[in-house]
There are 2 protein chains.
Amino acid sequence: VADRWQDLDTPVPLVDVSRLERNLAEMAGLAAAHGVGQRPHTKTHKTREIARRQVELGAHGITVAKVGEAEAMVAAGFDDILIAYPIVGRRKYERLLPLLDRARIRFAVDSVAAAAAASEFFAGHGRVVEALLEHDGGAGRSGVQSADEAVTLARAVDRLPGLTVAGVMSYANAYKTDDAAEQAEIGRTEGVAAVAVADAIRTAGLPADAVSVGSTPTARHVVTVPGVTELRAGVYAFHDLKQVSLGVVGLDRCALTVLATVVSHPRPERFVLDAGIKALAGEDYGWGTHGVVLERPDLRITSATEEHGIVTLPPDAEDPRWSIGDVVRIVPDHACGCVNMHDALLAVDGDDVVDTWPVIGRGRVR
Amino acid sequence: VADRWQDLDTPVPLVDVSRLERNLAEMAGLAAAHGVGQRPHTKTHKTREIARRQVELGAHGITVAKVGEAEAMVAAGFDDILIAYPIVGRRKYERLLPLLDRARIRFAVDSVAAAAAASEFFAGHGRVVEALLEHDGGAGRSGVQSADEAVTLARAVDRLPGLTVAGVMSYANAYKTDDAAEQAEIGRTEGVAAVAVADAIRTAGLPADAVSVGSTPTARHVVTVPGVTELRAGVYAFHDLKQVSLGVVGLDRCALTVLATVVSHPRPERFVLDAGIKALAGEDYGWGTHGVVLERPDLRITSATEEHGIVTLPPDAEDPRWSIGDVVRIVPDHACGCVNMHDALLAVDGDDVVDTWPVIGRGRVR
């Protein structure tokens, strides 16, 4: 590793440790102030080092999306992991079995069919696994659609020998609006609904201890809902253009950038950077761009292909006068997708590269 | 590896070897029929096995996009590699140095500044490296903008001790239209312009042996242009929804799919597959979707997040009656981006998994 980030081979993802620490401390403080536990979704950074810091700051566990990510995090020493995803299929159950000896592993269930299959497997191996019943908090993905459905599912799970109901989880999609009042409403609605689902299950005489909710844009709203026990927000570690576009934070809070080199300047208004989709990720949610130049937020990736990030100067923009070989830092649209493209993140303090953090959850699609 | 693809853990990328072989043979035949050499862009598959087959079928070399991909391919035994990208930066030159002892390595140059820096380094190490002068063939990325600029650059490179002009390369973007006549015009225009650039360089008394052009949608047009020496098309190995949407091939020619499991069915019209952006790639160019169901092309991923591929049934669609745990195959929008998300491809012949091909070029962003 070079001593200064300015000397690194590019493209390479950098994490500003000061910004990271501020982001981590702020969310930990928010959760603590409301007496809500924190179980950060580690899909954002996929590293042992940042997950450890999140636990040091008070998180009682971590969240992952895949069995493969759970395998990586158990190997890294974490012992309380929620796989916030409906786990289906014998091969995944087989992989969970050895993890159960080393950690508390919970996963999401949203159908009797999936619960029955998991129960049959785990009961056959003499195990009882904790399931969180997933309620669709508004994202329109997986999850039961009502409290009634949740109670029916909870009763079914409760009768199954290999599973036990540990609570409720949900997820809302606050990315569909940049209106602060609407985001607040989305967050509160998710939290209130998840608590109501848990209450309905308890009223039916079944346990539902955990009420696990939230995301970065809804965090400050959902923690105010009485009955919420656990906040899963993850992107906050780095923030990104999506969060900026939602008004959650300013660009000065974005801790993850991709260092890129100016490799071509074929026309006065066109610069080509060596960070395209393969370095920044393919998503383009927030600002209608794959990335914004950290030092010049008026300049953005105006189009990207796999290896080319094109910056076309707006007609009224001051010419950055970049030379071939100059390096610039790009704030990606979606931090999680960006991290997944890389094998390691470089931790940077000022000009200095201070550490290398392997992306141990990278590409663990299964 | 399971014996049958139906039994694999998901999501997992599958390559239909019959379709692959047909795709490879067809493009090799097209190039041969027109007396044009073939240097397939291996970014699509990033595997040793498919690159070998392309060479067996007559390719005189291979193309990569990055020094890291060149490192992987040299290690895999390939000895004639074009890095079709402007290579800038001392750290990249340092990595190229050991490769020059083992293979013929060419790379693109489109500026005097980049040429001078490369020349200084390589001349200092007693080497002369072959450069292809890049001409912007219409893609609007890197590359000089005219034959005059190319001649000026060629003269500058010719005077530099560490580089020699080996020819011209260009790339056109045929993805902006699905009109066959327009695609043909884009391909012919690219080829004619590249040949004209090479002719202008030769008229100036300098060498320009290689005229390296083309892409999958323009291949059959650009090979008809006299003077073209080399076809770099790459996606043809697998094809994908982009090629289908352009009318290049039908869905029955797509050799790459991602096997996915139905993990949730929360509403009558909504199925959730475990293949989202992390398995299919973030791009969404072609059909306005991240993927289409191979067996049911009327069904597509209607929205995708990192781990969720949502299939919402159109109102008039026949219900596929998928059960939780069923597996389906998804044809991705962009084969190259999809492959880059995975560590290995599984080769499938009928129902049988016949081989595992490591994606040796995966994630080599530098």
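Residues numbered from 1 in each chain as written. Chains lettered and ligands numbered in written order. Predicted model: local features only at pLDDT ≥ 70, side-chain atom pairs only at ≥ 80, totals over all residues. Heavy atoms only, no water.

Student: How do you make sense of the overall build of chain A when you look at a structure like this?
Tutor: What chain A contains, in helices and strands, is 11 helices and 18 strands. In terms of C-alpha radius of gyration, chain A reaches 22 Å, essentially the compact-globule figure of 21 Å for 366 residues. Over its C-alpha atoms, taken along the principal directions, chain A stretches across nearly 70 × 40 × 35 Å. Out of the 366 residues in chain A, the part that is buried amounts to 63%. Taking contacts inside chain A between residues at least 6 apart in sequence as the whole, the part at least 24 apart equals 67%. Here chain A has roughly 12400 Å² of accessible surface; of this, 48% comes from carbon and sulfur atoms. Taken together, the 38 basic and 50 acidic charged side chains of chain A have centroids lying 5 Å from each other. (Helix = DSSP H or I, 4+ residues; strand = E, 2+ residues; numbered from the N terminus. Rg over C-alpha atoms; globule rule 2.2 N^0.38 Å. Buried < 20%, exposed > 50% of the residue type's maximum accessible area, 1.4 Å probe, protein only. Contact = heavy atoms within 4.5 Å. Areas by Shrake-Rupley, 256 points an atom, 1.4 Å probe, with all protein chains shown as cover. Lys, Arg positive; Asp, Glu negative; His and termini not counted. Charge placed at Lys NZ, Arg CZ, Asp CG, Glu CD.)

Student: Before we go on, may I ask you to explain the state of the cysteines in this structure?
Tutor: Residues and elements named next belong to chain A. Per the stated rule, a full pass over the model turns up zero disulfides over all chains. In this structure C254 is not part of a disulfide, and its nearest cysteine sulfur, from C338, lies 11 Å away. According to the relative accessible area criterion, C254 is buried, its value standing at 1%. (Disulfide = S-S within 2.5 Å.)

Student: When you look at the packing of aromatic side chains in this model, what are you seeing that I'm missing?
Tutor: Here a ring pair, both rings aromatic, is described through the centre-centre distance and the interplanar angle of the planes. The tally for this structure, following the rule as stated, stands at 10 aromatic pairs over all chains. Ring plane angle 90° and centroid distance 5.2 Å describe the contact between F121 of chain A and F122 of chain A, whose orientation is recorded as edge-to-face. Here the two residues F121 of chain A and F122 of chain A agree in accessibility, since each one is buried. Ring plane angle 70° and centroid distance 5.0 Å describe the contact between F271 of chain B and W322 of chain B, whose orientation is recorded as edge-to-face. Remark: W322 of chain B occurs in the loop between β15 (309–312) and β16 (327–332) and F271 of chain B occurs in strand β11 (residues 270–273); sequence separation between them is 51 residues. The same class applies to F271 of chain B and to W322 of chain B, which are both buried. Following the ring pairs from residue to residue traces out a cluster consisting of Y93, F107, F121 and F122 of chain A. Its guanidinium or amino end placed over the ring of Y175 of chain A, K242 of chain A lies 4.6 Å from that ring's centre, counting from NZ or CZ. When the ring centre of Y85 of chain B is taken as reference, the NZ or CZ atom of K66 of chain B above it lies at 5.0 Å. (Phe/Tyr/Trp six-rings, centres within 6.5 Å; stacked < 30°, edge-to-face > 60°. Lys NZ or Arg CZ within 6 Å of the ring centre and 35° of its normal.)

Student: Explain the interface of chain B and chain A here, please?
Tutor: Reports often express the size of an interface as the amount of accessible area lost when the parts come together. Chain B puts 65 residues into the contact, and the matching count from chain A is 66 residues. Taken as a group, D9, R141 and K278 of chain B account for 13% of the area that chain B buries against chain A, more than any other trio of residues on that side. Applying the counting criterion to the chain B and chain A interface returns 14 salt bridges. A salt bridge links K278 of chain A to E69 of chain B, with the shortest nitrogen-to-oxygen separation between them at 2.8 Å. Linking chain B to chain A there are 38 residue pairs in polar contact (both at pLDDT 80 or more). Of all the secondary-structure elements, those providing two or more residues to the side of chain B that touches chain A are β1 (12–16), β4 (80–86), α4 (90–100), α5 (112–124), β10 (256–267), β11, α10 (277–280) and α11 (335–339) of chain B. (Buried area = accessible area lost by both parts, 1.4 Å probe. Salt bridge = Lys/Arg side-chain N within 4 Å of Asp/Glu carboxyl O. Polar contact = N/O pair within 3.5 Å; in protein donor to acceptor, adjacent residues only side chain to side chain.)

Student: I tried to follow the relation of the copies chain B and chain A on my own but got confused; where do I start?
Tutor: One copy of the chain maps onto the other through a rotation about an axis plus a displacement along that axis. It takes a turn of 180° to lay chain B on chain A, together with a shift of 0.0 Å along the axis; the resulting RMSD is 0.0 Å. The transformation just described matches what one would write down for a two-fold rotation axis. When C-alpha distances to the rotation axis are compared across chain B, the minimum falls at G282 of chain B, with a value of 2.1 Å. When you check the interface residues of chain B against chain A, 100% turn up at the interface there too, and the contact is symmetric in its surfaces. (Least-squares fit on C-alpha atoms with pLDDT ≥ 70 in both.)

Student: Is there a simple way to explain the sheet that holds strand β7 (residues 163–171) of chain A in this structure?
Tutor: Each strand in a sheet pairs with its neighbour through backbone hydrogen bonds, running either in the same direction (parallel) or in the opposite one (antiparallel). Residue and element names in this part refer to chain A. Spatially, β2-β9-β8-β7-β6-β5-β4-β3 is the arrangement adopted by the eight strands of the open sheet, whose pairing is parallel. The open sheet has two edge strands with one neighbour each: β2 (37–38) and β3 (62–64). Here eight bridges tie strand β6 (residues 129–136) to β7, and the two strands are oriented parallel to one another. From the neighbouring strand, A131 faces β7, where its bridge partner is V165. Helix α7 (residues 180–203) contacts β6, β7 and β8 (210–213) of the sheet and is inclined by roughly 160° relative to β7. (Pairing = 2+ DSSP bridges. Axes fitted to C-alpha atoms, helices over the stretch in contact; angles between N-to-C directions.)

Student: Would you mind going over unusual backbone geometry with me for this structure?
Tutor: For residues besides glycine, phi is generally negative; the peptide bonds are generally trans as well. Across the junction of T10 of chain A and P11 of chain A, the peptide omega takes the value -5°, indicating a cis bond. Tracing the sequence through the fold places P11 of chain A in the segment before β1 (12–16). With a phi close to 55°, K46 of chain A is a non-glycine residue in the positive phi region. Looking at K46 of chain A, the relative accessible area reads 1%, which means it is buried. Phi angles above zero are rare outside glycine, and H239 of chain B is one such case at about 55°. Inspection of the secondary structure assignment puts H239 of chain B in the loop between β9 (230–231) and α9 (241–246). By relative accessible area, H239 of chain B is classed as buried at 4%.

Student: Just to check I follow, could you spell out the pattern of salt bridges for this structure?
Tutor: When their charged atoms lie close together, side chains carrying opposite charge are able to pair. Scanning the entire structure with this criterion turns up 54 salt bridges over all chains. For R253 of chain A, the salt bridge is made with E26 of chain A, and the minimal N-O distance between the two is 3.1 Å. Highlighted residues: R253 of chain A in the loop between α9 (241–246) and β10 (256–267) and E26 of chain A in helix α1 (residues 17–33), separated in sequence by 227 residues. On the basis of relative accessibility, which here comes to 8%, the residue R253 of chain A falls in the buried class. Take E26 of chain A: its relative accessible area is 45%, and that puts it in the partly exposed class. For E49 of chain B, the salt bridge identified is with R48 of chain B, shortest N-O distance 3.3 Å. One salt-bridge network, held together by shared partners, links R39, D80, R104, R106, E130 and E230 of chain A.

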